[in-house]
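Inside the fold
Here are the chains, one letter per residue:
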Amino acid sequence: MSAVLGALLRRVARWHRPLMLMVAAMLLLLVVSAVGLVVDGRVLLGAPVWLKPFKFAVSMAVYGTTLAWMLSLPHRGSKWTSGLATVFAVTGFVDTAIVAIQAARGTFSHFNKSTESAERVMQVIFGNGVLLIMLANIALAVILAVQRVHADRAMSRAIHAGLTLAVVGMALGFLIPMQGKAEIALTTGGERVLLSSGHSVGVPDGGPGLPLTEWSTTGGDLRIPHFVGLHGLQVMLIGALLLAALAARYPLLRDDRTRARLIGVAAVGYTGLIGLLTWQALRAQPLIRPDALTLAAGALLAALTAVAAAVVLVAAGPRKP
């Protein structure tokens, strides 16, 4: 078992070096943040100060590892994709480092309008980093979209669809500053800071939230569609892996064209879910308290997705003589 694990680790170590170094840094930050959550009782806008760097570390480690694996697959334009992945690794590291530094200082990494020079510089770096991350992902998605990047059609489609969903999720993050909901908040040291915007809709930031995510339980929260879209890449890849595993048991799924069509259905359904969550948040509605209209829309989306999947499976079934 140790030999197998060692071989796997050596293989992973040969993946895109800047991305894997970034992932290693995120894993270290994950440990530091976890310790901080235990030993540091400071609270910022109702949440533990180390919760945000903890969540950023998890998200960046997962996403960075996924990108590194994808770039290990044979594909055209590898010099371009490698360069773009390096941009992602560097900007992702810098932006997450700013989140961690601000947490340690007990102040805000997002939308901080403090007039202090250090704060202004960090906000410029952070904002431009977010934009660079999204542009790098758009370019990666475009380069890989015009080619088959995996021998299995379903996995190739999952990569294409997942990258597109991730870009959509990143773009949805820009809805948050577009609110322009300025408010005054206190640092852990009691200093008043102007925040140019917030993620909650209909309620102030810092109110009651779900465990760990801190998503608002009293109003809308634009972090939800942002998160769901951002990690659509991992969802699509897991879906392709599950279909491949089920193919060993169900002959209907052994044709990778059928599995690819099912991934296409899943991608369209997932896009609908992102739209539904965005609509719900913009209507100042908590995730866990959907109204009848939201429930009806969700049920319709689920039904249409199920029907589309059934049509694909029926079409793939044995032809009658």
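Residues numbered from 1 in each chain as written. Predicted model: local features only at pLDDT ≥ 70, side-chain atom pairs only at ≥ 80, totals over all residues. Heavy atoms only, no water.

With that settled, the discussion passes to the nonpolar core. If you look at the biggest cluster of nonpolar residues, it comprises 56 residues, and the most contacted ones within it are Leu19, Tyr63, Leu67, Phe88, Ile159, Leu163 and Met236. Broken down by secondary-structure element, the contributors of at least two residues to this core are helix 2 (17-39), helix 3 (51-71), helix 4 (78-105), helix 5 (117-145), helix 6 (153-172), helix 8 (223-230), helix 9 (232-247) and helix 10 (256-282). A per-element tally of this core places helix 6 first, with 10 residues. Excluding anything up to four places from it in sequence, Leu19 contacts Gly64, Leu67, Ala68, Leu71, Ala85, Phe88 and Ala89. In this structure, Leu44, Val49, Ala185 and Leu195 belong to the second largest nonpolar core, which totals 8 residues. (Core = buried A, V, L, I, M, F, W, Y, C linked by side-chain atoms within 4.5 Å. Buried < 20%, exposed > 50% of the residue type's maximum accessible area, 1.4 Å probe, protein only. Helix = DSSP H or I, 4+ residues; strand = E, 2+ residues; numbered from the N terminus. Contact = heavy atoms within 4.5 Å.)

On to the packing of helix 4 against helix 5, then. Here helix 4 crosses helix 5 at 150°, and the two axes come no closer than 8 Å. Viewed along their axes, helix 4 and helix 5 adopt a mutual orientation that is roughly antiparallel. Two packed elements cross with a definite hand, and for helix 4 against helix 5 that hand is left-handed. Grouping the constituent residues of the contact of helix 4 with helix 5 by class yields 18 nonpolar, 6 polar and 3 charged. (Axes fitted to C-alpha atoms, helices over the stretch in contact; angles between N-to-C directions. Parallel < 35°, antiparallel > 145°, perpendicular 65-115°, else oblique. Left-handed = near helix turned anticlockwise from the far one by under 90°. Nonpolar A, V, L, I, M, F, W, Y, C, P; charged D, E, K, R; others polar.)

Let us look at the environment of Leu71. Structurally, the position occupied by Leu71 is in helix 3. Placed 225 residues apart in sequence, Leu71 and Ala296 show a C-alpha to C-alpha distance of 40 Å. Residue contacts for Leu71: discarding those within four places in its chain leaves His16, Leu19, Thr81, Ala85 and Leu140.

A contiguous nonpolar patch, built from Val31, Val35, Leu37, Val38 and Val39 and spanning about 460 Å² of accessible area, is present on the exposed surface. Relative to the assigned elements, Leu37 resides in helix 2. By relative accessible area, which is 31% here, Leu37 ends up partly exposed. (Patch = residues over 30% accessible without salt bridge, like charges linked within 9 Å, V, L, I, M, F, W, Y side chains within 5 Å. Areas by Shrake-Rupley, 256 points an atom, 1.4 Å probe, with all protein chains shown as cover. Salt bridge = Lys/Arg side-chain N within 4 Å of Asp/Glu carboxyl O.)

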